[in-house]
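For reference, the chains in residue letters:
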Amino acid sequence: MAIQQCCDIIFSSSSDDSEDDSNELYEYVVQNLETKTAIPRLQNYVETIVPQFNDGQFKSHFRMLPTTFEYVLTIIAPKLKRMKPGYKSISPNKQFLIAIWKMATPDSYRSICEKFGVGRATALRCIRRVIVALEMLAPVFITWPNEEKVEEIKNGFFSNSTFPNVLGAIDGTHINIPAPHDHQETYVNRKGHHSIQLQAVCDHKCRFIHCYAGNVGSVHDQRVFRLSELKNYLDDATKFPNNTHLIGDSAYTLHEHLMVPYRDNGHLTQKQKNFNFCHSSARMAIERSFGFLKGRFRSLLTTLDMKRVDLIPKYIIACCILHNICLLQNDEFPGLPETTPVNENIQARGELVAINRQGAFKRDNLCDQLPFRHI
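Conventions used here
Residues numbered from 1 in each chain as written. Predicted model: local features only at pLDDT ≥ 70, side-chain atom pairs only at ≥ 80, totals over all residues. Heavy atoms only, no water. Axes fitted to C-alpha atoms, helices over the stretch in contact; angles between N-to-C directions. Helix = DSSP H or I, 4+ residues; strand = E, 2+ residues; numbered from the N terminus. Parallel < 35°, antiparallel > 145°, perpendicular 65-115°, else oblique. Contact = heavy atoms within 4.5 Å. Nonpolar A, V, L, I, M, F, W, Y, C, P; charged D, E, K, R; others polar. Buried < 20%, exposed > 50% of the residue type's maximum accessible area, 1.4 Å probe, protein only. Pairing = 2+ DSSP bridges. Polar contact = N/O pair within 3.5 Å; in protein donor to acceptor, adjacent residues only side chain to side chain. Salt bridge = Lys/Arg side-chain N within 4 Å of Asp/Glu carboxyl O. Core = buried A, V, L, I, M, F, W, Y, C linked by side-chain atoms within 4.5 Å. Phe/Tyr/Trp six-rings, centres within 6.5 Å; stacked < 30°, edge-to-face > 60°. Lys NZ or Arg CZ within 6 Å of the ring centre and 35° of its normal.

Topic: the packing of helix α6 (residues 92-104) against helix α8 (residues 120-135)
Here is step 1 of the chain: Where α6 meets α8, the closest approach of the two axes is 8 Å, and the angle between their N-to-C directions is 90 degrees. By the angle class used here, α6 and α8 are roughly perpendicular. Contact with α6, carried on its side by Q95, F96, I98, A99, K102 and M103, involves A123, C126, I127, R129, V130, I131 and L134 of α8 and no other residues of that element.
Here is step 2 of the chain: Residues of the contact of α6 with α8, tallied by class, amount to 10 nonpolar, one polar and two charged.

Here we look at the pairing of strand β2 (residues 195-202)
Here is step 1 of the chain: Of all eight residues making up β2, eight are buried, and the element is well covered by its neighbours.
Here is step 2 of the chain: Of the two faces of β2, the one carrying S195, Q197, Q199 and V201 and the one carrying I196, L198, A200 and C202 are both buried.
Here is step 3 of the chain: Summarising the sheet, strand β1 (residues 166-176) and β2 pair through eight bridges and their orientation is antiparallel. Of the residues in β2, the one forming a bridge with I175 is I196.
Here is step 4 of the chain: Here β2 runs beside strand β3 (residues 208-216); their pairing, made up of six bridges, is antiparallel. Note on β3: the bridge partner recorded for C202 is F208.

Quick look at the side chain of H245
Here is step 1 of the chain: Residue position: H245 is located in strand β4 (residues 245-247).
Here is step 2 of the chain: Given the relative accessible area of 0%, H245 is considered buried.
Here is step 3 of the chain: Here K362 takes part through its side chain, which lies 2.9 Å from a polar atom of the side chain of H245.

Considerations on the pattern of salt bridges
Here is step 1 of the chain: Evaluation of the coordinates by the stated rule reveals nine salt bridges.
Here is step 2 of the chain: One salt bridge in this structure joins K59 and D331, with 2.7 Å as the shortest N-O distance. With K59 in helix α4 (residues 55-62) and D331 in the loop between α14 (312-328) and α15 (357-369), this pair connects stretches of sequence that are 272 residues apart. With respect to class, K59 is no different from D331; both count as buried.
Here is step 3 of the chain: As a salt-bridge pair, E151 and K154 come within 3.6 Å of each other at their nearest N and O atoms. On the criterion of helical spacing, the pair formed by E151 and K154 is a turn pair, its members being three residues apart in helix α10 (residues 147-161).
Here is step 4 of the chain: We classify E151 as partly exposed; its relative accessible area is 30%.
Here is step 5 of the chain: Ionic contacts of the salt-bridge type, sharing partners, join the residues K149, E152, D203, K205 and R207 into one network.

Brief notes about unusual backbone geometry
Here is step 1 of the chain: With a phi close to 60 degrees, N242 is a non-glycine residue in the positive phi region.
Here is step 2 of the chain: Mapped onto the elements of the fold, N242 is located in the loop between α12 (230-233) and β4.
Here is step 3 of the chain: When its relative accessible area of 42% is taken as the criterion, N242 is described as partly exposed.
Here is step 4 of the chain: With a phi close to 60 degrees, N243 is a non-glycine residue in the positive phi region.
Here is step 5 of the chain: Along the chain, N243 falls in the loop between α12 and β4.
Here is step 6 of the chain: The exposure class assigned to N243 is partly exposed, which follows from its relative accessible area of 41%.

Concerning the nonpolar core
Within soluble globular proteins, side chains that are nonpolar tend to cluster in buried spots.
Here is step 1 of the chain: In this structure, F62 and F116 are the most contacted members of the largest nonpolar core, which totals 102 residues.
Here is step 2 of the chain: Top element by residues in this core is α14. It accounts for 11 residues.
Here is step 3 of the chain: Not counting chain neighbours up to four residues away, the residues in contact with F62 comprise Y45, V50, F53, L97, I100, W101, A104 and F116.

Examining the packing of aromatic side chains
Here is step 1 of the chain: As enumerated under the stated definition, the model contains 13 aromatic pairs in all.
Here is step 2 of the chain: Considering the side-chain rings of F58 and F69, the 5.6 Å spacing of their centres and the 70 degrees angle between planes classify their relative orientation as edge-to-face. Of this pair, F58 sits in helix α4 while F69 sits in helix α5 (residues 66-80), and the two are 11 residues apart along the sequence. Comparing F58 with F69 shows no difference in burial state: the two are buried.
Here is step 3 of the chain: Each ring, one from F69 and one from F96, has its centre 4.7 Å from the other, and the planes form 15 degrees; the classification is stacked. Taken together, the residues span a long stretch of sequence, with F69 in helix α5 and F96 in helix α6 at a distance of 27 residues.
Here is step 4 of the chain: Here the aromatic residues Y45, F53, F58, F62, F69, F96, W101 and F116 are joined through ring pairs into a cluster of three or more.
Here is step 5 of the chain: A cation sits over an aromatic face here: K239 above Y233, 4.5 Å from the ring centre.
Here is step 6 of the chain: Its guanidinium or amino end placed over the ring of Y262, R363 lies 4.1 Å from that ring's centre, counting from NZ or CZ.

Dropping the structure here:
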């Protein structure tokens, strides 16, 4: 709206004011409309301040060591450079720092723009470029284990829980999001929050070996599983060599390659209670994985400040990839308390499923063979 139009509106609503007051008001309006005040921003944060951080300070801000940051940057930097001519673009280093800050903190875009001295549109573009570049690394850093790796994982789970032949632990978690514009009701989970689901399988070191994100919060865990490619994996013996299996909670269906606990009907035998205890002890790996993921990338811990629901799954997978890279680089993130296994006492949530006979037979054999740990 033009300056004169603004003034006309103001003066038409204050015709009883004195001429001196009107002149003073006119000068105030002209001064504030003609001189647009620049938003104060921190100058040269990336260029001057960040290079002065020691390793501990850098990790406390960006949730990873400088060596890990440089390792990832070396891989994705070519994807962050603009090939077409135009204005000088932001360096890959600064783009990655902006994206990491977004992932690592629950800060708003306004706060990010003030810290890094960029506009909102620029911050959005930087974060999206980094997400796309990281997502392309999924086949490299989130991989189903080969036979050699399977043996290592089996031994790792057994040493931690005495539960044999575990290839991975599976579970789902919800990432809370603002209410979307379309079909809001479908995103509401059983806790009453709008969310996107992440289903993941991890190994004994809390590294993800499979991730699947994008289902709305109202979908049941078992249905998410059926929609993922893991459903087909169960019927592929080459994916589960040497009689291995996944372990999951009672939201999943018992299968020869997916062990779930006995449902506590009040009449479990001591061996069955012991099975549930050992099973829960092994399954804590996936709970810890989610804890480390959200502890490192705290934007996933509260409500993810993103509007475009089509980009949120890519963002989540990008965080999972960085989680794996950090662990592969021995860049662990402390702060998650030890988890104590508990007896399984979860009832089915919304779906009734038939017992898989081969799975039931295998579970009973495992139950008889497990050493007693439950007291």
